[in-house]
Structure formats: structure tokens, C-alpha cells
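Descriptive structure summary
Take a look at the letters that make up each chain.
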Amino acid sequence: MPRNGKASLLLVDDDPDLLRLLAIRLKANNYDVTAVDSGQRALAAIAASRPDLVLTDLRMEGMDGMGLFREIQASYPGLPVIILTAHGTIPEAVAAVKHGIFGYLTKPYDAEELLHHIERALTLHHGSASPAGEGQAWREDIVTRSSLMDDLLAKAQRVAVGDASILIQGESGTGKELLARAIHRASPRANQPFIAINCGAIPETLLESELFGHTKGSFTGAIADQRGLFVAADKGTLFLDEIGDMPLALQVKLLRVIETREVRPIGATRSIPFDVRIISATHRDLLREKTAGTFREDLYYRLNVVTLKLPSLSERREDISQLAKHFLTTLAPRYSREKAAFSPEALELLAKANWPGNVRQLYNVVEQSVALCPTDVIPRMFVEQAIQVEMHEMTSFEDARKRFERDYLTRILKLTHGSVTQAAKLARRNRTEFYKLLQRHGIEAAIFKHSEAK
């Protein structure tokens, strides 16, 4: 995205005179330009500050232009690359375009042609040649400045125009439904229904009815005909969240519906055709589930035509402060706190914290902070308390058990003033087993004997 209204370009050439000349020319055309003299320095510059486009020489010492492109393609697949070279040949041009290079110009290049290539690349890949915000309404709900997210969104926008089934993978709380809705808005189906269902939150019998519909009297409680979500989403998008939790028996029925593009409600004798774009999502590793036999291989390939992997919040830490401020702006009016803001120390804590619950957990922490803090400026203390509450609520069973054991051992040793014999009797465990428990949690009984003297 443009910074300060300017698209950012990274120039790479080991000829200092040509590099300086090109930089001057592009700056004069209102671009924000960074110039480096090698492929390695280019990769470092991209990692430090993601540009909107890269222009690179083909023949350079060390890493050449194609080598640089391959590195960019592997790590930043949404970033367009234009190659400039004095050694242009038809085979090189064909190979470059075949591998995904956006443009290929020979030196001496025509200035107008170069500017045309740059404008076209920015328009098609990032919308950077357009006024800020133009053409970006489809992704307006996704708050980010992360290069990982920009790459993902560029890919999402490209696949949105077709009808291929999309599988969104990512940890819980990363925003899979938010991305699915954005893809729907970027698609030709944007003015048609978007319907979402969590396949893991509904019992199997009810899930079948919800998806496929039922007729009156087809089962106890079916007091009227009900069209299923496939029919309700006709001409639009159906989002199947947590598809990895769907029972195997229902997976078979879902596969048949997807293959035939017809659905037969429970109790009906006739099928109903439908036209929907299917987006599914899961936090599970479906490849592993497929290998284990808990997810059907044929359904996996039907749903997984295109895969989009959402990064965890810890992989996009540059977004944490921005997201926290965005959530605060949204939530503050609910608590009559329009002027609420985080202190610098609070923002620093948010940026450094672990987020196993990802964006959803960050949202909850922001809401708890603004709800409980009595002042307009939210200090670090309230954020810290909110994070601790969230972490406690999201603790796994194993972690909860460890915490209970540690607290229990501490309390019983306090009661017995560090006597392992008495503590083991109270816990109804033999001394050897009790000592193993103490060792597992790194507790030394001797420190509780000192409390007796005090």
C-alpha cells in the first residue's frame, strides 16, 4: 500500500551510476524510492520495509535478478518484480515471464514504457497507483500493515474472481471468517448471500438438517419444511467453518452434494439444484487428518482447490498496536469512553505478549481493559490483568492440571511446615511418589521448614 500517498519502489542494480540515475527519474515521478546494489541487500531491505514493487537488474555479481526473484516469490508471493537488463534475449524474456516476472525491459529502456509497466503492476497487484482506499473496500474490515497479510490478501483477491473452492487454514482466532467474508465481497457473487455455519458447534443430526434442509414430518420436531443453507446461499457463498470437525458419515453426504450440485432435503424425494461458491476453514491439519482416516481424502481434494494460510498474531506482531487501537476505537463508545487510549507501556506489553488465542484474544483483552479501567488513559496494569484473565480462561487441561498440582503441593507443604512424611500422608501418597511430584514441579520441601521458624 502507498505510504504518504506514494508507492514505494525498490531498485536493485550493481552499477552505481545507472542506479542513481534511475532513482532520480522515479523520484521525479512521485515514487518513494529505495536503491540497493545487490540481491542480498534487496532481501534485507524488503524484510525491513516491504515495498510495493521491485525493479532489478538481471546480471549482477552474486545473486542475479532471477535468483532474487525466486527468493521474493518464495517469501513474498504477492510482490511484483520487473527486470531491467542490457543483456536482453528472447529466451531470457520468455523464461522470466513464464516464471512469473511481471515485466521485462532491456536497456536502454524507454522511460514512458517503464512508467507504464510500473503503473500497471501497482494497479493490478496492490492498487497502489490508485488513490488511497480506492478498490480496497472488499478488505476494509481487515486491519493490517503486515507484509505476510498483504501477500495473503493479494492471493485472496486473485482467487476471489473465480469459483474454485477455497480452504482457509489457521489457528483459532486468526480471523478465518473475516477473510472468507472479504473474499466474498471481492467476488462476482458479492451482491448475493454470504452464509456461514460452524460445523463443529452443531450436533450431527441437526447439522445435516441445517445444511441440506428437511420436509415437514421427516423427523420428530420437523413441524414445517425448511430449506437448507446450500439452497439459502444459492448464487452466493457458503462458508463451512471448522470443517475438520464434521463427522465422517456427514462428510460422505457433503461430498455427494458438492459433486452433483444438487441437494435433497431430509424426507424429500426430489433434489434441488444450487449454485454456490464453497469456502471452508479449519484450525486442524487436514492433511494429517486425511492420513489418519478421520477426514475423507476425496472431500479434502474437493475443498482444497486453493489453500490460504492465515498467519498467527505472533507472526504479524507489527499489527498488534494497530489492531489494539482499532478495537479500542470500536469498543470505547459502548462504555461511554470515547477518549480512551492506551499508555505507551500498555501498548508495549500488548506488542510483546504471547497470543495463543490470536486476534480474538487480543479483542477480549482490549474490551476487558476499557471496561474495567476508570481513567481515559489505560495503564499497563489493567492490560496485564486482562491478559492474565484471558490466559487463565484459555488454559489447556494439561496446563490447568499442572497448576492445580503445584498449588496443592505448596498448600500441603505449608500446612506440614515442609514435612514430606506428613504431607505424603495427607495426600494419601507414599513418600517416593510424593518426592517425584515435588521434583516434577521443581518444589523443594526445605524452604517450607523455614516458614515454621518465622
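Rules and cut-offs
Residues numbered from 1 in each chain as written. Predicted model: local features only at pLDDT ≥ 70, side-chain atom pairs only at ≥ 80, totals over all residues. Heavy atoms only, no water. Helix = DSSP H or I, 4+ residues; strand = E, 2+ residues; numbered from the N terminus. Contact = heavy atoms within 4.5 Å. Areas by Shrake-Rupley, 256 points an atom, 1.4 Å probe, with all protein chains shown as cover. Phe/Tyr/Trp six-rings, centres within 6.5 Å; stacked < 30°, edge-to-face > 60°. Buried < 20%, exposed > 50% of the residue type's maximum accessible area, 1.4 Å probe, protein only. Pairing = 2+ DSSP bridges. Axes fitted to C-alpha atoms, helices over the stretch in contact; angles between N-to-C directions. Salt bridge = Lys/Arg side-chain N within 4 Å of Asp/Glu carboxyl O. Parallel < 35°, antiparallel > 145°, perpendicular 65-115°, else oblique. Left-handed = near helix turned anticlockwise from the far one by under 90°. Nonpolar A, V, L, I, M, F, W, Y, C, P; charged D, E, K, R; others polar.

**Remarks on the overall build of the protein**
Within the protein, the secondary structure is distributed over 20 helices and 16 strands. Within the protein, contacts between residues separated by at least 24 positions form 70% of all contacts whose residues are at least 6 apart in sequence. Summing over all exposed atoms, the protein offers an accessible surface of approximately 23800 Å²; the carbon and sulfur share of this is 52%.

**Description of the packing of aromatic side chains**
What the rule picks out here adds up to 5 aromatic pairs. Look at Phe-194 and Phe-239: their rings are 6.2 Å apart centre to centre, the planes differ by 25 degrees, and that puts the pair in the stacked class. In this pair, Phe-194 sits in strand 7 (residues 194-198) while Phe-239 sits in strand 10 (residues 237-241), placing the two residues 45 residues apart along the sequence. For the pair Phe-194 and Phe-239, a shared accessibility class is recorded, and that class is buried. When the ring of Phe-212 is compared with that of Phe-230, the centres are 6.0 Å apart and the planes differ by 25 degrees; the resulting orientation is stacked. Of the two residues, Phe-212 is situated in helix 8 (residues 204-212) and Phe-230 in helix 9 (residues 229-232); the sequence distance between them amounts to 18 residues.

**What to know about the sheet that holds strand 6 (residues 166-169)**
Read from one edge of the open sheet, 5 strands run 7-10-13-6-14, paired in parallel fashion. Where the open sheet ends on each side, the last strands, each with one partner, are strand 7 and strand 14 (306-309). The average undirected angle you get between the axes of adjacent strands in this sheet is 20 degrees. The pairing of strand 7 with strand 10 spans 5 bridges and is parallel. From the neighbouring strand, Ile-195 faces strand 10, where its bridge partner is Leu-238. Helix 6 (residues 147-160) rests against strand 6, strand 13 (277-282) and strand 14 of the sheet, and its axis sits at about 155 degrees to strand 14.

**Some words on the pattern of salt bridges**
Considering all chains together, one arrives at 18 salt bridges under this definition. Salt-bridge contacts for Glu-433 lead to Arg-429; the nearest nitrogen and oxygen are separated by 3.2 Å. Using a relative accessible area of 36% as the deciding quantity, one classes Glu-433 as partly exposed. Several salt bridges share partner residues, and in doing so they unite Asp-163, Arg-189 and Asp-275 into one network.

**Let's talk about the packing of helix 6 against helix 7 (residues 176-186)**
Between helix 6 and helix 7, the least distance of the axes is 8 Å, while the angle of their chain directions is 45 degrees. Between helix 6 and helix 7, the angle is such that the two are oblique. For the element pair helix 6 and helix 7, the recorded crossing hand is right-handed. Facing helix 6, whose interface residues are Leu-152, Leu-153, Ala-156 and Ala-160, helix 7 presents Leu-179, Ile-183 and Ala-186. Tallied by class, residues from the contact of helix 6 with helix 7 come to 7 nonpolar, no polar and no charged.

**Describing the packing of helix 8 against helix 10 (residues 248-260)**
Packing of helix 8 against helix 10 leaves a shortest axis separation of 11 Å and a crossing angle of 10 degrees. Considered as vectors, helix 8 and helix 10 are oriented roughly parallel to each other. Listed contacts from helix 10 to Glu-204, Leu-207, Glu-208 and Phe-212 of helix 8 are Ala-249, Leu-250, Lys-253, Leu-254 and Val-257. Within the contact of helix 8 with helix 10, the residues separate by chemical class into 6 nonpolar, no polar and 3 charged.

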